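The lines below spell out each chain.
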Amino acid sequence: MSTVQIAAPGAVGRSGAARRPLGRDWQLGYLLIAPVFLVILGLVAYPLGYSIWLSFQDVKVGAPGTWVGFGNYYKILFDGESRIHDSFYSSLRITLVYVVGACVGKFIIGMVSALILNAHIRAQHFWRTLLFLPWAILPIVGAYSWKWIYNDVNGVANAALTQIGLIDAPILFLAKPENALWSVLVGVIWQGAPFWTMTFLAGLQSIPSELYEAAEIDGATTAKSFVYITLPSIVNVIVVTVMLSAIFTTNTVDFIYTLTNGGPGGATETFPLLAISQGLRAYDLGIGSTIPLLFFPFFAIMIYFITKRLLSNEEG
């Protein structure tokens, strides 16, 4: 009768592979992560640290800086006699309207599109490709396309509205303060809605069909199924998508810079554009560095909650 030999607990440690010194493993690990560490240090840590350093100085381009401590922060937030104080709060209001309007529009279009694509419709792949096309276009290309559409002389929008008799004179979509921000929002929503559609569609496809079948047997309407099954099932997807899109929309300046460059009269000047204007046009590097840093804590909190939700979903 053959016997089965069971190795002692320390037997494996006596093998040649297991006798490899632990120190070498740590050295190899540090060697492998060194390139990533250098990239993060050069592209993230150093620019952030240098911006913080500039925010504590009164420094102009080509001139030595003077240490002012929190003087730039005070001037922006509390000094009512400073021009940058009024400009900052105006840009804050515009940024809030811009981001909320963009998120609401993207949510509505993204959810409706995802529900349609999740249903059994003909030529499903064709419609998916068509709806995702705006997201595949470079933002700068999309911005110039909308600039041509809004042109008051030969733009498609004015030509179509005139031809069907809705207007007698061209609408100044980008030249009037009351029209400019909403005109930019249309282009931003068009560009970003496919991202919401994609994430919502992925969430919808993860919902078990048995839930809808049970609800239908119980007599639930389509609206009730949406409210009590669909939305609760993809609430984490919605929250993460809203936070990510809010961060992207706030910090992206492609559309606004191309269409209006913050005008007319500052009607579309969000805080990133204000920072660019102060740093590159007014040559005030101290103020230009301080403006984005005022929003850094809000973005850090949002990224923390996004990471926490993603990790909790992964553990679940």
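Not measured: the values here are computed from a predicted model.

Novice: When you look at the overall build of the protein chain in this model, what are you seeing that I'm missing?
Specialist: Summing up its helical and strand segments, the protein chain has 13 helices and 2 strands in all. Computed over its C-alpha atoms, the radius of gyration of the protein chain comes to 27 Å, more than 25% above the 20 Å expected for a compact globule of 316 residues. Considered along the principal axes of its C-alpha atoms, the protein chain spans approximately 105 × 70 × 35 Å. Looking at the 316 residues of the protein chain, the share that counts as buried comes to 34%. Considering the protein chain, the positive charge centre built from 17 side chains and the negative charge centre built from 17 side chains are found 10 Å apart.

Novice: I keep staring at the pattern of salt bridges and nothing clicks. Help me out?
Specialist: Pairs can form between side chains of opposite charge once their charged atoms are near each other. In the structure shown here, the tally under the stated rule is 2 salt bridges. Residue aspartate 58 pairs with lysine 60 through a salt bridge whose shortest N-O separation is 2.8 Å. Salt bridges sharing common partners tie together Asp58, Lys60 and Asp284.

Novice: Just checking my understanding: could you explain helix H9 (residues 222-233) for this structure?
Specialist: An α-helix turns once per 3.6 residues; consequently, residues spaced three or four apart project the same way. Helix length check: H9, at 12 residues, gives a terminal C-alpha distance of 15 Å against a target of 16 Å (1.5 Å per residue), a fit within 8%. On the buried face of H9, the contacting elements are helix H7 (177-205) and helix H8 (209-217).

Novice: Explain the packing of aromatic side chains to me, please; I cannot follow it from the model alone.
Specialist: For any pair of aromatic rings, the description rests on two quantities: the centre-to-centre distance and the angle between the ring planes. Within this structure, the stated rule accounts for 19 aromatic pairs. For the ring pair tryptophan 53 and tryptophan 67, a centre distance of 5.3 Å and an interplane angle of 50 degrees mean the geometry is tilted. Within this pair, whereas tryptophan 53 is found in helix H1 (residues 22-55), its partner tryptophan 67 is found in strand E2 (residues 66-67), the two being separated by 14 residues in sequence.

Novice: In this structure, what is going on with the nonpolar core? I would like to understand it.
Specialist: Note that soluble globular proteins tend to have their nonpolar side chains buried in a common cluster. Judged by nonpolar contacts, the single largest core of 34 residues is most densely connected at Tyr98, Val184, Val188, Phe200, Ile234, Phe255 and Leu259. Secondary structure elements with two or more residues in this core: helix H3 (83-118), helix H5 (139-149), H7, helix H10 (235-251) and helix H11 (254-259). Among residues more than four places away in sequence, those in contact with phenylalanine 255 are Pro139, Gly142, Ala143, Trp146, Val184, Gly187, Val188, Gln191 and Thr260. Within the second largest apolar cluster, 18 residues are counted, among which are Phe56, Tyr73, Ala275 and Phe299.

Novice: Just checking my understanding: could you explain the environment of proline 35 for this structure?
Specialist: Tracing the backbone shows proline 35 in helix H1. For proline 35, a relative accessible area of 46% puts it in the partly exposed group. Residues proline 35 and asparagine 118, 83 residues apart in the sequence, show an inter-C-alpha distance of 42 Å.

Novice: Please clarify how the environment of leucine 204 should be interpreted in this entry.
Specialist: Within the secondary structure, leucine 204 is located in helix H7. As for leucine 204 and lysine 224, which are separated by 20 residues in sequence, their C-alpha atoms are 16 Å apart. Ignoring sequence-local partners within four residues, the contact set of leucine 204 consists of Ala114, Leu115, Asn118, Thr230 and Ile234.

Novice: Would you explain the packing of helix H4 (residues 124-136) against H7 in this entry?
Specialist: A pair of packed helices can be characterised by two numbers: the angle between their axes and the separation between those axes. Direction vectors running N to C along H4 and H7 enclose 130 degrees, while the axes themselves pass 6 Å from each other. If you check the angle between H4 and H7, you find them oblique. H4 and H7 meet at a crossing whose hand is left-handed. Packed against H4, whose contacting residues are Arg128, Leu131, Phe132, Pro134 and Trp135, the element H7 presents Trp190, Gln191, Pro194, Phe195, Thr197, Met198, Leu201 and Gln205 at the interface.

Novice: Would you mind going over the environment of serine 87 with me for this structure?
Specialist: Its location among the elements puts serine 87 in helix H3. Considering only alpha carbons, one finds serine 87 and leucine 274, 187 residues apart in sequence, at a separation of 7.8 Å.

Novice: Which parts of the structure should I look at to understand the packing of H3 against H10?
Specialist: The interhelical angle for the contact between H3 and H10, taken along N-to-C directions, is 135 degrees, at an axis separation of 10 Å. Taken together, the axes of H3 and H10 lie oblique to each other. In this structure, H3 meets H10 at a crossing whose hand is right-handed. Here Thr95, Tyr98, Val99, Ala102, Cys103, Lys106, Phe107 and Met111 of H3 lie close against H10, whose contacting residues are Ile238, Val242, Ser245, Ala246, Thr249 and Thr250.

Novice: Looking at this structure, how should I read a nonpolar patch on the surface?
Specialist: On the surface, a nonpolar cluster with roughly 1100 Å² of combined accessible area is contributed by Leu96, Val100, Val104, Ile108, Ile109, Val112, Ile116, Ile121, Phe126, Trp127, Leu130 and Leu133. For the nonpolar patch, the elements supplying multiple residues, two or more each, are H3 and H4. Ranked by residue count, the leading element in the nonpolar patch is H3, at 7 residues. Summarising the element assignment, valine 112 is placed in helix H3.

What counts and what doesn't
- Counting of residues starts from 1 at the beginning of each chain's written sequence and follows it residue by residue.
- Only residues with pLDDT of at least 70 are given local features in this predicted model, and only at 80 or more are side-chain atom pairs given and counted; all residues enter the totals for whole chains, interfaces and linings.
- The basis for the side-chain values is all heavy atoms of the structure; hydrogens and waters are excluded.
- Runs of E in the DSSP output that reach at least two residues are strands. Runs of H or I that reach at least four are helices, and both are numbered from the N terminus.
- Taken over C-alpha atoms, the radius of gyration is set against a globule rule of 2.2 Å times the number of residues to the power 0.38.
- We call a residue buried when its accessible area falls under 20% of the maximum for its residue type, exposed when it is over 50%, and partly exposed in between, using a 1.4 Å probe and counting protein chains only.
- Two residue types count as positive, namely Lys and Arg, and two as negative, namely Asp and Glu; His and chain ends fall outside the count.
- Where a charge sits is defined by one atom per residue type, namely NZ (Lys), CZ (Arg), CG (Asp) or CD (Glu).
- One speaks of a salt bridge when a side-chain nitrogen belonging to Lys or Arg is within 4 Å of a carboxyl oxygen belonging to Asp or Glu.
- To estimate the expected span of a helix, count its residues, drop one, and scale the result by 1.5 Å.
- In what follows, residue pairs with any heavy atoms lying within 4.5 Å of each other are defined as contacts.
- Planes of paired rings set the category: under 30 degrees apart is stacked, over 60 is edge-to-face and the rest tilted, where pairs are Phe, Tyr or Trp rings (Trp by its six-membered ring) whose centres lie within 6.5 Å.
- For the purposes of this section, nonpolar cores are sets of buried Ala, Val, Leu, Ile, Met, Phe, Trp, Tyr and Cys residues that join through side-chain atoms within 4.5 Å.
- Here, axes are lines fitted to C-alpha atoms. For helices the fit covers the stretch in contact, and angles between N-to-C directions go from 0 to 180 degrees.
- Oblique is the label for any angle not under 35 degrees, not over 145, and not in the 65 to 115 range, which are roughly parallel, roughly antiparallel and roughly perpendicular in turn.
- Crossing handedness follows the turn of the near helix against the far one: under a right angle anticlockwise gives a left-handed crossing, and clockwise gives a right-handed one.
- Like-charged residues within 9 Å of one another, or nonpolar side chains (Val, Leu, Ile, Met, Phe, Trp, Tyr) within 5 Å, are grouped into patches, provided each residue has over 30% relative accessible area and no salt bridge.
- Calculation of accessible area relied on Shrake-Rupley with a 1.4 Å probe; when residues are assessed, cover is drawn exclusively from the protein chains displayed.

In short, geometric facts, not functional conclusions.
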